Amino acid sequence: QVQLVESGGGSVQAGGSLKLSCEASGGTLSTYNMGWFRQAPGKERKFVAAVNWSQDSTRYTNSVKGRFTISRDNRKNMVSLQMSNLKPEDTAVYYCNAQPENGLGPDYWGRGTQVTVSS
């Protein structure tokens, strides 16, 4: 069973940067599409960014395009989210997600890491 652990969250001022990392254990990420989601207080969890298993395709929600970059290193079993020009509305708990690339089997989630952006 894949276990995901996020790190790199913290508190920054608007305009600052953070890099989130997600490290997997218990399995290889090379056959999973990887993504980041976030959940603000009192709101539902929402998609932020994703990279496919072969690393040739990325997707972003419109509000982070041009500011966030998702990347992965299958040899290290890690996926990262570089966040720049952070805004107060980016404040949320950020979750790492792994989806089997063949659509078979369960998704996996990390426990999340808090990102707080102050104005």
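Quick caveat: nothing in here was measured; it's all calculated off a predicted structure.

Visitor: So what's going on with the packing of aromatic side chains? Which residues, and what values?
Guide: Given two aromatic rings, one states the distance between the centres and the angle between the planes to describe the pair. The tally for this structure, following the rule as stated, stands at three aromatic pairs. Seen in terms of ring centroids, Phe37 and Phe47 are 5.7 Å apart; in terms of plane orientation they differ by 75 degrees. Their pairing is edge-to-face. Of the two residues, Phe37 is situated in strand E4 (residues 32-39) and Phe47 in strand E5 (residues 46-51); the sequence distance between them amounts to ten residues. Phe47 gets classed as partly exposed once you look at its relative accessible area, which sits at 24%. Ring geometry for Phe37 and Trp109: centres 5.0 Å apart, planes at 65 degrees, overall edge-to-face.

Visitor: Now, about the environment of Ser7: what can you tell me, with residues and values included?
Guide: Locating Ser7 in the fold gives a position in strand E1 (residues 3-7). In this structure the C-alpha to C-alpha distance between Ser7 and Cys96, which are 89 residues apart in sequence, comes to 9.9 Å. If we ignore the near neighbours within four places in the chain, the residues touching Ser7 are Lys19, Leu20, Ser21 and Thr113.

Visitor: Describe the nonpolar core, naming the residues involved and giving the relevant values.
Guide: Among the nonpolar cores identified, the biggest contains 28 residues, and Leu4, Met34, Trp36, Leu81, Met83 and Tyr94 are the most heavily contacted of them. Elements represented by at least two residues in this core include exactly strand E3 (18-25), E4, E5, strand E7 (68-73), strand E8 (78-83), strand E9 (92-100) and strand E11 (113-118). With sequence-adjacent residues up to four places away left out, Leu4 is seen in contact with Cys22, Glu23, Ala24, Leu29, Met34, Cys96, Asn97, Ala98, Tyr108, Trp109, Gly110 and Arg111.

Reading the values: rules and limits
- Residues numbered from 1 in each chain as written.
- Predicted model: local features only at pLDDT ≥ 70, side-chain atom pairs only at ≥ 80, totals over all residues.
- Heavy atoms only, no water.
- Phe/Tyr/Trp six-rings, centres within 6.5 Å; stacked < 30°, edge-to-face > 60°.
- Helix = DSSP H or I, 4+ residues; strand = E, 2+ residues; numbered from the N terminus.
- Buried < 20%, exposed > 50% of the residue type's maximum accessible area, 1.4 Å probe, protein only.
- Contact = heavy atoms within 4.5 Å.
- Core = buried A, V, L, I, M, F, W, Y, C linked by side-chain atoms within 4.5 Å.

Without other data, these values stay purely geometric and don't point to any function.
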